[in-house]
Amino acid sequence: AKRRLYGELPPPMLSFVAVSRWLAEAPGLTQGRTEVIPNVFPVESYPVTPAMSRQDLGLPEQGRLVVMGAARLDDPVKNFPLAITTLNALREKDVTAVFFGNLRDKSLLEGLRIPHRWLGPLGSTREVASVMSHATVVLSSSRFETLPTTLIEGMSAGAVPVTTGHGGQSDIIDDGTDG
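Residues numbered from 1 in each chain as written. Predicted model: local features only at pLDDT ≥ 70, side-chain atom pairs only at ≥ 80, totals over all residues. Heavy atoms only, no water.

Trainee: So what about the overall build of the chain? Which residues, and what values?
Mentor: Check the secondary structure of the chain and you find six helices and seven strands. Reading the chain from its N end, one meets helices and strands in the order α-β-α-β-α-β-α-β-β-α-β-α-β. By principal-axis analysis of the C-alpha atoms, the chain measures approximately 60 × 35 × 30 Å. Per-residue burial over the chain gives 40% buried out of 179 residues. Of the contacts made within the chain by residues no fewer than 6 positions apart, 55% connect residues no fewer than 24 positions apart. When the accessible area of the chain is evaluated, it comes to approximately 10,100 Å², of which 54% is carbon and sulfur surface. In the chain, which carries 17 positive and 19 negative side-chain charges, the distance between the mean positions of the two groups comes to 6 Å. (Helix = DSSP H or I, 4+ residues; strand = E, 2+ residues; numbered from the N terminus. Buried < 20%, exposed > 50% of the residue type's maximum accessible area, 1.4 Å probe, protein only. Contact = heavy atoms within 4.5 Å. Areas by Shrake-Rupley, 256 points an atom, 1.4 Å probe, with all protein chains shown as cover. Lys, Arg positive; Asp, Glu negative; His and termini not counted. Charge placed at Lys NZ, Arg CZ, Asp CG, Glu CD.)

Put into structure tokens, the structure is as follows:
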């Protein structure tokens, strides 16, 4: 129905607005004009200095943290098995994986061979900002993201982003330069 509607409108009558270049280049948005206007993020809310201590957040007192968060971690789009495989490939010592968000299948964590913490859903932006400000790395194993909020949050708090190259990640990360 959308293709038929798009085909019936002359190109000057049709404009699309996307939140990332990846979405703007998606099939089906080639009719008419497409502009990219990214979502605005309150990056000033993600200070490098944490508002809450590691102890208050239930995090280990020492070591580096690799943080991954999502509304639902085991949503197929988030590709949680890839995150587990990636974390298991780490040869570094003194690293803990930290996850936040809903997780319907907690048995997925059983395959992780490095220390880890699952914090469950976080209740406030302050908590997310504090977890991110303790992170060394923010991880996204998603198959695609329109515009990856957790990567922006982590980067704003000083964490290095590590992600797949699929989707809107390329709008905020220069591979090999800042992530």
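Trainee: Describe the pattern of salt bridges, with residues and values.
Mentor: Taken as a whole and judged by the stated rule, the model has four salt bridges. A salt bridge links Lys 78 to Glu 145; its shortest N-O distance comes to 2.6 Å. Taken together, the residues Lys 78 in the loop between strand E3 (64–72) and helix H4 (80–88) and Glu 145 in the loop between strand E6 (137–140) and helix H6 (149–156) connect sequence positions 67 residues apart. The exposure class of Glu 145 is buried, given its relative accessible area of 14%. (Salt bridge = Lys/Arg side-chain N within 4 Å of Asp/Glu carboxyl O.)

Trainee: If you had to explain helix H5 (residues 125–134) to someone new, which residues and values would you point to?
Mentor: An α-helix turns once every 3.6 residues. As a result, residues three or four positions apart point the same way. For H5, a buried count of seven out of 10 residues is recorded, marking the element as mostly surrounded by other parts of the structure. Those residues of H5 not exposed but buried are Val 128, Ala 129, Ser 130, Val 131, Met 132, Ser 133 and His 134. At its buried positions, H5 is contacted by helix H3 (54–57), E3, strand E4 (95–102), E6 and H6.

Trainee: Give me the lowdown on the side chain of Asp 74, citing residues and values where you can.
Mentor: For Asp 74, the position within the fold is in the loop between E3 and H4. Relative accessible area serves as the criterion here: at 12%, Asp 74 is assigned to the buried category. Here Asp 105 takes part through its backbone nitrogen, which lies 2.8 Å from a polar atom of the side chain of Asp 74. (Polar contact = N/O pair within 3.5 Å; in protein donor to acceptor, adjacent residues only side chain to side chain.)

Trainee: Run through the nonpolar core, naming residues and quoting values.
Mentor: Grouped together as the largest cluster of nonpolar side chains are 18 residues, with contacts concentrated most on Val 67, Val 98, Phe 100, Val 131 and Met 132. Counting residues per element, the ones that place at least two in this core are E3, E4 and H5. For this core, the leading source of residues is H5, giving four residues. Grouped together as the second largest cluster of nonpolar side chains are 17 residues, Val 66, Leu 73, Ala 97 and Leu 103 included. (Core = buried A, V, L, I, M, F, W, Y, C linked by side-chain atoms within 4.5 Å.)

Trainee: Can you tell me about the pairing of E6, naming the residues and giving the values?
Mentor: Side-chain alternation along E6 places Val 137 and Leu 139 on one buried face and Val 138 and Ser 140 on a second face that is also buried. Relative to E6, E3 runs parallel, the two being bridged by two bridges. Across the sheet, residue Val 67 finds its bridge partner in E6, namely Val 138. Bridge count between E6 and strand E7 (residues 160–163): four bridges; the pairing is parallel. Note on E7: the bridge partner recorded for Val 137 is Val 160. Handedness of the E6-H6-E7 crossover: right-handed. (Pairing = 2+ DSSP bridges. Right-handed = clockwise from strand over helix to strand, strands pointing away.)

Trainee: Summarise the environment of Ala 71; cite the residues concerned and give the values.
Mentor: Within the element layout of this structure, Ala 71 appears in strand E3. We classify Ala 71 as exposed; its relative accessible area is 67%. Along the chain, Ala 71 and Gly 101 lie 30 residues apart, while their C-alpha atoms are 5.0 Å from each other.

Trainee: Before we move on, could you go through H4 and cite the residues and values that matter?
Mentor: If you check which residues of H4 are buried, you get Phe 80, Ala 83, Ile 84, Leu 87 and Asn 88. Taken end-on, H4 shows its buried residues confined to a sector of 125 degrees, consistent with a single buried face. The exposed residues of H4 that point more than 90 degrees off its buried face are Pro 81 and Thr 85. Residues of H4 that are buried in the fold lie against E3, E4 and E6. (Arc of directions from axis to C-beta.)

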